[in-house]
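What the coordinates show
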Amino acid sequence: MATPVQHDPAAAFARPYVVSWNLTYRCNLACEHCYLDAGPGKVKTFAFSDRSELSTEQCCRIVDQIAAFAPEAVTILTGGEPLLRRDIVDIVRYAVGKGLWVVVGTNGVKITENLARILQAEGVRGLALSLDALDPERHDAFRRVQGAWENTVEGAKILTGVGLPFIVQTTVGAHNRRELARIAAFAHDELGAKVWNVYFLVPSGRGSFVSDFSPAEYDVVLAELAGIQRTWADRMLVNAKCAPHFVRTLLSADSPAPFPKSFAGGAGGCPAGTHYLGIRPNGDVTPCPYLPLFAGNLNATGLRDIWDGSDLFNQIRQRNQLGGRCGSCELSSMCGGCRARAHGMTGDVMAEDPLCTHEPGTLRAAVDRLRPQAVEYGTAAAAALAWEPEAQERMKRIPAFVRGMVTKSVESWCAKNGVSLVTATVLDEIRAKMPTPKVFGFGAGKGAPEA
């Protein structure tokens with residue numbers, strides 16, 4: 001049996017690499033599944049009672065904290081609809097100026113060519129757009145606003161024309177269950193997307209009141225998604241979001257993904273509170289935007305103090321203390337379940353993920369066989385070989401949360417090919433072997449970012 005991987009959570013969890021920041025509750029759509037309860041508030045619970053929003057000055061102070069504690073963090077500015085904030089360009093400009101990797105999460109309705117060019121000029125790395133059906137009427141019904149589909153599709157075409165990268169995001173449900181493969185093709189062939197993220201509903205916000213699939217039905221969807229992923233492997237990244245147990249589907253498939261992906265330190269497939277955090281419009285900090293539990297407010301407590309000292313963040317990092325099947329599962333270091341779904345369905349953030357049907361122990365052989373090849377995001381970028389300055393500078397184009405993984409991959413390639421000095425020419429040679437075009441400044445081929 002293979003020797004288990006030794007994790008160092010203290011080092012791996014030293015800082016967040018991705019920050020999802022809900023800048024506003026305002027929205028021009030009224031999606032029935034909205035985890036933030038954006039727009040006119042309907043969810044009457046404590047977690048959604050404070051609907052105040054930070055001023056521009058307060059946002060800039062938070063940017064300062066992120067940049068100081070988590071330099072180069074991927075910072076997703078979302079909402080609601082962030083483009084409804086009149087100061088959105090000011091916030092983007094300030095965040096980019098502080099060295100953050102800024103991505104804007106939008107429904108696409110407000111995208112114009114002029115705005116796209118402004119965001120591009122200000123240094124936005126890319127956008128994330130929502131598309132939930134091929135039929136405009138079904139998409140509009142899901143988003144609760146007529147004309148939403150047409151505006152989103154037009155927005156995607158504008159971004160393609162301008163050359164600003166974007167991700168297409170789809171929430172899977174009864175409204176689109178039978179057309180996922182066709183949505184994937186449409187996203188790539190018609191819209192020009194290089195990444196398609198399929199989200200599995202987490203019962204949070206208004207999503208708590210939306211009927212969902214049974215676990216068995218989700219298994220069918222995950223199996224189909226694995227096939228779609230293989231179909232588009234060299235042209236478009238296909239990801240399952242909020243479904244870390246997708247790794248079980250891949251390991252069970254006849255032709256699984258060759259490199260299972262997880263997060264360092266034994267966090268598994270859910271980075272909540274270990275590599276990732278969310279900020280609400282009022283400054284409340286949560287391990288995950290889908291998790292309505294808060295560890296402090298950035299108007300009163302520093303980000304570093306919340307990350308290092310809060311009971312909530314420290315609890316959710318105890319991945320060796322998970323309950324139920326997640327606690328005894330051989331996939332815990334690759335999966336570990338969705339912590340937000342566990343809380344949404346059981347009230348316990350450390351409970352087993354009720355969406356998973358896996359019986360612990362049945363895939364141990366596959367785990368032992370593939371673990372040495374596993375890809376871990378959030379590993380340290382320690383270099384063992386000598387690097388030329390130009391090559392080192394090239395690596396700075398890669399987001400910090402994957403830089404360690406890429407450094408390790410590059411040096412592994414060099415070792416196998418007898419290369420003792422990493423140069424820009426070596427990076428070009430490695431990059432040429434990755435057929436998928438870059439996304440947000442890094443390559444999408446086979447899960448390895450561009451160097």
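Numbering of residues begins from 1 in every chain and follows the order in which that chain's sequence is written. For a predicted model such as this one, the threshold for reporting local features is a pLDDT of at least 70, and the threshold for listing and counting side-chain atom pairs is 80 or more; totals across whole chains, interfaces and linings nevertheless cover every residue. Excluded from the side-chain calculation are hydrogens and water; included are all heavy atoms of the structure.

**Side note on unusual backbone geometry**
The amide bond that connects Gly79 to the next residue, Gly80, takes the cis arrangement and shows omega of 20°. Inspection of the secondary structure puts Gly80 in the loop between strand S2 (74–78) and helix H3 (88–97). The backbone phi angle of Glu72 is positive, close to 65°, even though this residue is not glycine. Along the chain, the position of Glu72 falls in the loop between helix H2 (56–69) and S2. Helix and strand definitions here come from DSSP, where helices need a minimum of 4 consecutive H or I residues and strands a minimum of 2 consecutive E residues; each element is numbered from the N-terminal end.

**Details of the sheet that holds S2**
Should DSSP find at least two bridges between two strands, the strands are regarded as paired. Overall, mixed pairing links the 10 strands, which are arranged S7-S6-S5-S4-S3-S2-S1-S9-S10-S11 in an open sheet. Strands with a single pairing partner mark the edges of an open sheet, and in this sheet they are strand S7 (237–241) and strand S11 (296–297). In terms of strand pairing, strand S10 (residues 284–286) meets S11 through two bridges, oriented antiparallel. In the strand pairing of S11, Val285 is matched with Gly296. By definition in these notes, contact holds between two residues if any of their heavy atoms fall within 4.5 Å. Here the axes come from fitting lines to C-alpha atoms, over the contacting stretch only for helices, and the angles between their N-to-C directions go from 0 to 180 degrees. Across the sheet, helix H7 (residues 180–190) touches strand S5 (166–171) and strand S6 (195–199), and the angle it forms with S6 is around 150°.

**Some remarks on the confidence of the model for the protein**
Parts of the model with low pLDDT should not have their predicted coordinates read in detail. Residue-level confidence of the predictor is summarised by pLDDT, bounded by 0 at the bottom and 100 at the top. The predicted model of the protein has a mean per-residue pLDDT of 88, with 92% of residues at 70 or higher. Contacts from residues 435–451, a stretch scored under 50 in pLDDT, to residues over four places away or in other chains number 60 contacts.

**Observations concerning the environment of Val172**
Looking at the element boundaries, Val172 is found in the loop between S5 and H7. Per-residue accessibility, obtained with a 1.4 Å probe over protein chains only, is compared with the maximum for each type, and a residue is labelled buried under 20%, exposed over 50%, and partly exposed between these values. Under the relative-accessibility criterion, Val172 is labelled buried at 3%. Between the C-alpha atom of Val172 and that of Tyr199, which follows or precedes it by 27 residues, the distance is 6.1 Å. With residues up to four places along the chain from it excluded, the contact list for Val172 reads Leu180, Val198, Tyr199, Phe200, Phe213, Tyr218 and Val221.

**Re the pairing of strand S1 (residues 18–22)**
Taking burial as the measure, the five residues of S1 include five buried ones, the bulk of the element. Side chains of S1 alternate between two faces, with Val18, Ser20 and Asn22 and Val19 and Trp21 buried alike. Whether a crossover is right-handed comes down to one check: with the strands pointing away from the viewer, does the path from the first strand over the helix to the second run clockwise; if it does, it is right-handed. On the question of chirality, the crossover connecting S1 to the parallel S2 by way of H2 is right-handed. Bridge analysis of S1 against strand S9 (residues 276–279) gives four bridges, and the strand direction is parallel. Looking across to S9, one finds that Val18 is bridged to Tyr276.

**A short note on the packing of aromatic side chains**
Between 30 and 60 degrees the pair is tilted, below 30 it is stacked and above 60 it is edge-to-face, where a pair is any two Phe, Tyr or Trp rings, Trp via its six-membered ring, whose centres lie within 6.5 Å. Using the criterion set out here, one finds seven aromatic pairs in the structure. A centroid spacing of 5.2 Å and a plane angle of 70° characterise the contact between Phe213 and Tyr218, whose relative ring orientation is edge-to-face. Tyr218 shares its class with Phe213; the two are buried. Grouped by ring-pair contacts, the aromatic residues Phe200, Phe213 and Tyr218 constitute a single cluster. Think of it as a cone above the ring: NZ of Lys or CZ of Arg counts as a charge over the ring if it is within 6 Å of the ring centre and within 35 degrees of the ring normal. Positioned above the aromatic ring of Tyr25, the side-chain terminus of Arg51 is 4.3 Å from the ring centre. For the cation-ring pair, Arg317 lies above Trp307, with the distance from its terminal atom to the ring centre recorded as 4.4 Å.

**What about the nonpolar core?**
In terms of nonpolar packing, the biggest core is built from 75 residues, with Trp21, Ile66, Leu127, Phe166, Trp196 and Phe200 touching the most fellow members. The contacts of Trp21, once residues within four sequence positions are left out, are Leu54, Cys59, Ile62, Val63, Ile66, Thr75, Ile76, Leu77, Thr78, Ile279 and Arg280. Here the nonpolar core consists of buried residues drawn from Ala, Val, Leu, Ile, Met, Phe, Trp, Tyr and Cys, with membership extended through side-chain atoms lying within 4.5 Å. Ala264, Leu322, Cys326 and Val349 belong to the second-largest nonpolar core, a separate cluster that totals 49 residues.

**A short note on helix H13 (residues 339–346)**
Every buried residue of H13 is accounted for by Arg339, Ala340, Arg341, Ala342 and His343. On its buried face, H13 is in contact with helix H11 (311–316) and helix H12 (324–328). Downstream of H13 by a residue or two, Gly347 has a phi angle that is positive, lying close to 85°.

**Observations concerning H2**
Residue count minus one, scaled by 1.5 Å, sets the expected span of a helix. End to end, H2 covers 20 Å across 14 residues, agreeing with the expected 20 Å (1.5 Å per residue, within 8%). Listed in full, the buried residues belonging to H2 are Cys59, Cys60, Ile62, Val63, Ile66, Ala67 and Phe69.

**Some remarks on the packing of helix H16 (residues 400–416) against helix H17 (residues 424–432)**
For any two helices packed against each other, the geometry is given by the interaxial angle and the distance between the axes. Packing of H16 against H17 leaves a shortest axis separation of 11 Å and a crossing angle of 95°. By the criterion of interaxial angle, the relationship of H16 to H17 is roughly perpendicular. On H17, the residues that touch Val410, Trp413 and Cys414 of H16 are Val426, Leu427, Glu429 and Ile430. All amino acids are sorted into three groups, where Ala, Val, Leu, Ile, Met, Phe, Trp, Tyr, Cys and Pro are nonpolar, Asp, Glu, Lys and Arg are charged, and the leftover types, Gly among them, are polar. Residues belonging to the contact of H16 with H17 are distributed by class as follows: six nonpolar, no polar and one charged. An angle counts as roughly parallel when it lies under 35 degrees, as roughly antiparallel when it exceeds 145, as roughly perpendicular when it falls between 65 and 115, and as oblique in every other case.

**Brief notes about the side chain of Thr423**
Examined against the element boundaries, Thr423 turns out to sit in the loop between strand S14 (421–422) and H17. Overall, Thr423 belongs to the buried group, its relative accessible area being 14%. Once you skip the residues sitting within four places of it in the chain, Thr423 turns out to touch Glu388 and Ala391.

**Regarding the environment of Leu363**
Looking at the element boundaries, Leu363 is found in the loop between H13 and helix H14 (364–370). On the basis of relative accessible area, Leu363 is assigned to the buried category, the value being 11%. Distance from Leu363 to Gly296, taken between C-alpha atoms, is 39 Å for residues 67 residues apart in sequence. If near-sequence neighbours (up to four positions away) are discounted, Leu363 is found in contact with Arg248, Leu251, Ser252, Glu330, Leu331 and His358.

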